[in-house]
Amino acid sequence: MNNDSHILMYDKPARHFCESIALGNGNLGACVFGQPKREKVCLNQDTIWSGYPRDTVRIGAYDGFLKARELTMSGRYVDAEKVIESECSSVWSQEYIPFGNMLFEFQGTGKSEEYNRTLDLRNAICSIKYTQNNVTYFREAFASFLKNVFVYNFSASEKGKISFNLKLSCPIKHTINNTDKYLILDAVCPSDSLRNHKDFPNRGELYPKEPEKMGIGFRGAVTVKLKGGNVRYVNRVIEVSGADSATVYFATKTSFNGHDKHPVLLGKEYKNACLEVLENAVSMSYNSIKLEHIKDYKKYYDRVSLNLGTDNKENIPTDKRLKQHQKGKDDIGLYQLMFNFGRYLLIASSREGSQPANLQGIWNKEPHPPWHSNYTVNINTEMNYWPALPCNLPELALPLLDMIKDISVAGERTAKIHYNANGFCAHHNIDLWRLTTPVSGSASWLFWPLSGGWLCDHIYEQYLYTADKEFLKDFGYPIMKKAAVFFLDVLIEDKDGYLIFAPSTSPENLYKTSLGTTAVSETTTMTMSIIKRLFKNCISAAKELEIDEDFCEILSKTLGRLLPFKKGRRGELLEWYKEQEEHEPHHRHKSHLYALHPAALITKEDDPELAAACKHTLELRGDNGTGWSLGWKINLWARLFDGDHALKLAKIQLNPVSANTAMCMGGGGTYPNLFDAHPPFQIDGNFGFTSGICEMLLQSRNNKIFLLPALPSSWKNGEVKGLLAKGNIKVDIKWLDGKLKSYKLHGQANGVAVIYNGEVLN
């Protein structure tokens, strides 16, 4: 089986952001448009955010919490919701802000012909080629992790010359200057999110003069190396003329020095540091830095390979392949391309020492992006990291784990002031400054102090996949225990003697009452599932480490008293404490199915009745949804061992969406550059898609490895190598005519059962 499922290819330049090619090295992002005449590159750096460290807890919030609890337990849900929104809310999160744009104006006239623009996922290099006036022009761009620069190389065929003017732009307060070898942009971020000051008559108030109220400072600098020709740095422009080739280097640094350090009073030196990065980069030849970049990148990308065969569509532009696929034309290679693109995006947006991938990874063009491009941790941030471990990329989860450690400290004060509880908690939004308090607005999103519990699941999964007991002992278990302590302190008895967290919401969803819609219930299935999963993980971790017997005894007794799962009259898994009329039956969130995926509290092999209830819940919710919602559904259907339905969702997610589509909360899909379309762009759907393919081919839990558990019937022949199972076991699988042909395990698999079609093979 031959295929080439590693190339994004286009026959025209990008006109919109979601047609551009995304490059990144973890903290530096670039979106290349590839315009022959007026080129644009959108630039990002992962610590360019509004704000600075501040205390956002709301004194008196605990009294509001108790009042809301009392109202909820007496059935006055709408009144409880009003109290939560008026007495328990805090401020909006800060915003992830773009650096700005690099703008090129090329000299020369003539129509561009034979245009080709590609992203090779095997080496993370964007290539552009076109002909103008019988001269062929070549471009290559990449983001080097080791040198921490964006590199853009321009060359031409014989007799061709490179001439352009280069400028920088920035959407926030900035200055631009030049020296004899650098074009330099210096800027300062606003001191707060505009959304927290929407009534300000003068937005200049977001740029105060007092150092203690100022935001992050940053510098970006560009320099150019030529072969032949001339370069001048004048009037805030780089002028290149008559060059045989030109290599542009861009670097940026910020004053951010940690979530708990003021970026001005205790900030890092960043101006000289930025120029030092450039000096280091330009000391190498272009070919040397390119080869170094490829070697560094491939050590991650080459760990996994997937081959499903081909329908010979690889030479068709990617945007056109999406449209043809929607019309029903077979293109099995498109699934492989999306799988590989998800792995690529994770490598490009989450590297050691970077911030975690946010709602848009690291790629954002808006100074006020949708949902602040923050960390939305009631599903979206978690989904970003679902493929990290099964795709054997555990190092790429480290930025997320570092953030969890930060909020385990920052969230202590939130737990104490808002809930009078020990341990720590965090709500549905986190930002660069590790916001853990509720935001403003509707209770359906602001009142959700469960993210600490869910994020701790990533800690324990990291241990289960890597078998790194030192990590569990020194890093993971202490944080998990702190999260568990918080929930122990807030649980109360319901009317039947079960322990619940009251009041609760199910993220961003509502139900109907006689007095109107509400988000507030005595508790919810997701709330109790997260607590149950955390307690079980803590007990397992403590046993692995042979510690904390008394604490485990408390958790075990509490587990036995937690509210069990409930089914509704239609056989579905209930979302709320009791059966309620849904406000939006096809809501994009499937929060009550957290127990099926990712938590595996409910499994088809061990809990067939509850698994059947989960299946019926999915059927009632329907197949359509936003891009990320479709990604979650792929994983859920795979957990039910239904590969054909999982593939149906994957096909829907591949539906093409125009690059300039406005916000839509209904139907999602995929943009021309393969970014996930909520719409708007949200990267979690890309990662959910890749994770879903993993789940279709390999699942591991409870000392069991499931081979091809949800293989679609149309994927007759294929091979996957390098997927990671729990226990640090690498797995290769090959199948023929829809049946397992061979498999190989790499690692210590003693005591692990390998299962195919319900039968144990070893």
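Above: the structure in question.
What about the overall build of the protein?
When helices and strands are counted, the protein shows 17 helices and 33 strands. Taking 762 residues into account, the globule formula puts the C-alpha radius of gyration at 27 Å, and the protein, at 26 Å, falls close to it. For the protein, the spread of C-alpha atoms along the principal axes amounts to about 85 × 70 × 50 Å. Expressed as a percentage of the 762 residues in the protein, the buried residues total 62%. For the protein, the accessible surface area stands at approximately 28000 Å², while carbon and sulfur atoms represent 47% of it.

A short note on the pattern of salt bridges
Across all of its chains, the model carries 46 salt bridges by this definition. As a salt-bridge pair, Lys161 and Asp244 come within 2.6 Å of each other at their nearest N and O atoms. Of this pair, Lys161 sits in the loop between strand E9 (149-156) and strand E10 (162-169) while Asp244 sits in the loop between strand E15 (237-243) and strand E16 (245-254), placing them 83 residues apart in sequence. Overall, the relative accessible area of 37% leaves Asp244 in the partly exposed class. Of the charged contacts, one joins Asp406 and Arg434 as a salt bridge, the two residues approaching to 3.2 Å between their closest N and O atoms. Residue Asp406 is found in helix H8 (residues 398-419), and its partner Arg434 is found in the loop between strand E19 (429-430) and helix H9 (443-446); the two are separated by 28 residues along the sequence. Judged by its relative accessible area of 5%, Arg434 falls in the buried class. Each member of the salt-bridge network shares a partner with another, and the members are Arg570, Glu572, Glu575, Glu582 and Arg621.

Considerations on the nonpolar core
In terms of nonpolar packing, the biggest core is built from 224 residues, with Met102, Phe150 and Trp363 touching the most fellow members. Per-element tally for this core: the top contributor is helix H6 (residues 332-349), with twelve residues. Excluding residues within four positions of it along the chain, Met102 makes contact with Glu39, Lys40, Val41, Leu43, Phe150, Leu166, Lys167, Leu168, Val222, Val248 and Phe250. Grouped together as the second largest cluster of nonpolar side chains are 19 residues, Ala251, Cys274, Ala281 and Val282 included.

Regarding the sheet that holds strand E23 (residues 516-518)
Reading across the sheet, the three strands line up as E23-E22-E24 and stay open at both edges, with antiparallel pairing between neighbours. Each having just a single partner strand, E23 and strand E24 (581-582) make up the two edges of the open sheet. Examined bridge by bridge, strand E22 (residues 511-513) and E24 share two bridges and lie antiparallel to one another. Looking at E24, one finds that Lys512 is bridged to Glu581. Packing of helix H2 (residues 77-87) onto the sheet brings it into contact with E22 and E23, and relative to E23 it is tilted by some 55°.

Quick notes on H2
Of all the positions in H2, only Tyr77, Val78, Ala80, Glu81, Val83 and Ile84 are classed as buried. Against the buried residues of H2 lie helix H1 (61-73), H9, E22 and E23.

Looking at the sheet that holds strand E2 (residues 21-24)
If you walk across this open sheet you meet the seven strands as E2-E3-E4-E5-E10-E15-E14, and the pairing is antiparallel. Pairing within the sheet leaves two strands with one partner each, and these edge strands are E2 and strand E14 (230-234). In this sheet, adjacent strand axes meet at a mean angle of 20° when their direction is disregarded. Pairing of E14 with E15, which is carried by five bridges, proceeds in the antiparallel orientation.

Points about the packing of H1 against H8
It is the contact of H1 with H8, at a shortest axis distance of 6 Å, that shows an interaxial angle of 55°. Comparing the axis directions of H1 and H8 gives the class oblique. Here H1 contributes Ala61, Tyr62 and Phe65 to the contact with H8, which in turn contributes Ile417, His418 and Tyr419. Classifying every residue of the contact of H1 with H8 by side-chain character gives five nonpolar, one polar and no charged.

Reading the values: the criteria
Residues numbered from 1 in each chain as written. Predicted model: local features only at pLDDT ≥ 70, side-chain atom pairs only at ≥ 80, totals over all residues. Heavy atoms only, no water. Helix = DSSP H or I, 4+ residues; strand = E, 2+ residues; numbered from the N terminus. Rg over C-alpha atoms; globule rule 2.2 N^0.38 Å. Buried < 20%, exposed > 50% of the residue type's maximum accessible area, 1.4 Å probe, protein only. Areas by Shrake-Rupley, 256 points an atom, 1.4 Å probe, with all protein chains shown as cover. Salt bridge = Lys/Arg side-chain N within 4 Å of Asp/Glu carboxyl O. Core = buried A, V, L, I, M, F, W, Y, C linked by side-chain atoms within 4.5 Å. Contact = heavy atoms within 4.5 Å. Pairing = 2+ DSSP bridges. Axes fitted to C-alpha atoms, helices over the stretch in contact; angles between N-to-C directions. Parallel < 35°, antiparallel > 145°, perpendicular 65-115°, else oblique. Nonpolar A, V, L, I, M, F, W, Y, C, P; charged D, E, K, R; others polar.

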